[in-house]
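Structural overview
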Amino acid sequence: DTAVSQTPKYLVTQMGNDKSIKCEQNLGHDTMYWYKQDSKKFLKIMFSYNNKELIINETVPNRFSPKSPDKAHLNLHINSLELGDSAVYFCASSRLGGAGTEAFFGQGTRLTVV
Amino acid sequence: GQQVMQIPQYQHVQEGEDFTTYCNSSTTLSNIQWYKQRPGGHPVFLIQLVKSGEVKKQKRLTFQFGEAKKNSSLHITATQTTDVGTYFCAAPEYGNKLVFGAGTILRVKS
């Protein structure tokens, strides 16, 4: 049983397209995150949700829109994809949020925009 | 906002040599976490340090939290090829935001 699962694992698309990445956790956690990892391995937080509510929205272009239908799911929709959006996107969840316990990461989605 | 600075960015060691990565913050941290990401994989939690001056060991890995809770280190004794990957420290900010250091990429030559 995968604790945090995200799909798809790979996504290749053309500039200007709209795409979505799905994330689900079966750990019963209240907090979920989206992180972007660039080619230099830097992990940058994009969004944080707590019980379906947006808590943190970093300086992310509004082309990125997260949606949490319930506390077990946090999806990421990206409009008008740009070359600079190419990266690995990780979904993660934790029990008590950043101040609490460990974060569990999904396998990642490697997005390539051509 | 709080930043966690991590050094070095890269480290190449010969198998059997020791390895250390360091994290520093300008502010006092409530806790610090360490993660390992294997090549092509995802970050996996290693440990969390909470107390001032805390030292924890996991086999060949030793984790330390500074007395002022502003710095931390991860030391690996006698590295093995299985240790390759990127090691991250991470600390909470604003309660619900986990901020990661830049990571240290470890390569081990056999």
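Just so you know, these numbers come straight off a predicted model, no measurement behind them. (Residues numbered from 1 in each chain as written. Chains lettered and ligands numbered in written order. Predicted model: local features only at pLDDT ≥ 70, side-chain atom pairs only at ≥ 80, totals over all residues. Heavy atoms only, no water.)

1. Considering the interface of chain A and chain B
Put simply, the rule reads: In this description, contact between two residues means that some pair of their heavy atoms is separated by no more than 4.5 Å. By convention, the term buried area covers the 1.4 Å-probe accessible surface removed from two parts as they join, with the contributions of both added. In protein, a polar contact means a hydrogen-donor-capable atom and an acceptor-capable atom, both N or O and within 3.5 Å, with residues adjacent in sequence counting only if both atoms are side-chain atoms; elsewhere, any N or O pair within 3.5 Å suffices. A helix here means a DSSP run of H or I that spans at least four residues, while a strand means a run of E at least two residues long, and both kinds are numbered starting from the N terminus. Polar here means any residue other than Ala, Val, Leu, Ile, Met, Phe, Trp, Tyr, Cys and Pro, which are nonpolar, and Asp, Glu, Lys and Arg, which are charged; Gly is therefore polar.
Contact with chain A, which involves 25 residues of that partner, is made by 20 residues of chain B. Roughly 1,900 Å² is buried in total at the junction of chain A and chain B, and carbon and sulfur atoms are behind 55% of that figure. At the junction of chain A with chain B, the criterion picks out 4 residue pairs in polar contact (both at pLDDT 80 or more). Among the elements of the structure, β4 (31–37), β5 (43–50), β6 (53–57) and β10 (103–105) of chain A are those that each provide at least two residues to the side of chain A that touches chain B. Split into classes, the residues belonging to the side of chain A that touches chain B amount to 12 nonpolar, 10 polar and 3 charged.

2. A closer look at the pairing of β5 of chain A
Residues and elements named next belong to chain A. This is how it is decided: Burial status follows relative accessibility: with a 1.4 Å probe on protein chains alone, a residue under 20% of its type maximum counts as buried, one over 50% as exposed, and anything between as partly exposed. By definition, two strands form a pair when at least two bridges between them are found by DSSP.
Along β5, 6 of the 8 residues are buried, which leaves the element largely enclosed by surrounding structure. Here 7 bridges tie β4 to β5, and the two strands are oriented antiparallel to one another. Of the residues in β5, the one forming a bridge with Trp 34 is Phe 47. Counting the residues between successive antiparallel strands, the hairpin from β4 to β5 contains 5 residues, one of them, Lys 41, with a positive phi of roughly 75 degrees. Of the pairings in the sheet, the one linking β5 to β6 comprises 4 bridges and is antiparallel in character. Looking across to β6, one finds that Ser 48 is bridged to Ile 56. With antiparallel pairing between neighbouring strands as the criterion, β5 and β6 make up a hairpin whose turn holds 2 residues, including Asn 51 at a positive phi of roughly 50 degrees.

3. What to know about the state of the cysteines
All names here are of chain A. The criterion, for reference: The criterion for a disulfide is a pair of cysteine sulfur atoms lying within 2.5 Å.
For the coordinates displayed, the defined rule picks out 2 disulfides over all chains. One disulfide in the model links Cys 23 with Cys 91; its S-S distance is 1.8 Å. Disulfide Cys 23 to Cys 91: torsion about the S-S bond roughly -75 degrees, handedness left-handed. On the criterion of sequence distance, the pair formed by Cys 23 in strand β3 (residues 19–25) and Cys 91 in strand β9 (residues 87–94) is long-range, its members being 68 residues apart. With relative accessibility at 1%, the residue Cys 23 sits in the buried group.

4. Brief notes about the pattern of salt bridges
Our working rule: Salt bridges are identified by distance alone: a Lys or Arg side-chain nitrogen within 4 Å of an Asp or Glu carboxyl oxygen.
Within this structure, the stated rule accounts for 6 salt bridges over all chains. Where Lys 71 of chain A meets Asp 30 of chain A, a salt bridge forms, and the shortest distance between an N and an O atom there is 2.8 Å. Within this pair, whereas Lys 71 of chain A is found in the loop between β7 (64–70) and β8 (73–78), its partner Asp 30 of chain A is found in the loop between β3 and β4, the two being separated by 41 residues in sequence. Judged by relative accessible area, which is 25%, Asp 30 of chain A ranks as partly exposed. For Glu 54 of chain B, the salt bridge is made with Lys 56 of chain B, and the minimal N-O distance between the two is 3.6 Å. Of the residues examined, Glu 54 of chain B reaches a relative accessible area of 16% and is grouped as buried. What emerges from the salt-bridge pattern is a single network uniting Arg 63, Glu 82 and Asp 85 of chain A.

5. Comments concerning unusual backbone geometry
Glycine aside, residues mostly have negative phi, and peptide bonds are mostly found in the trans state. At the junction of Thr 7 of chain A and Pro 8 of chain A, the peptide bond is cis and its omega measures out at 0 degrees in the coordinates. As for its position among the elements, Pro 8 of chain A is in the loop between β1 (4–7) and β2 (10–13). Each neighbour pair has its own omega, and for Ile 7 of chain B with Pro 8 of chain B the value is -5 degrees, a cis peptide bond. Locating Pro 8 of chain B in the fold gives a position in the loop between β1 (4–7) and β2 (10–14). Residues other than glycine seldom take positive phi values, yet Lys 52 of chain A does so here, at roughly 75 degrees.

6. What about the sheet that holds β1 of chain A?
Residues and elements named next belong to chain A. Going by this rule: Lines fitted to C-alpha atoms define the axes here, with helix axes fitted over just the stretch in contact, and angles between the N-to-C directions of these axes take values from 0 to 180 degrees.
Strand order across the open sheet formed by 4 strands is β1-β3-β8-β7, with antiparallel pairing between neighbours. The two strands at the open ends of the sheet, each matched to only one other strand, are β1 and β7. Taken over all neighbouring pairs, the strand axes of this sheet differ in orientation by 15 degrees on average, direction set aside. One ladder, built from 4 bridges, connects β1 with β3; its direction is antiparallel. Each residue of the ladder has a partner; that of Thr 7, found in β3, is Lys 22.

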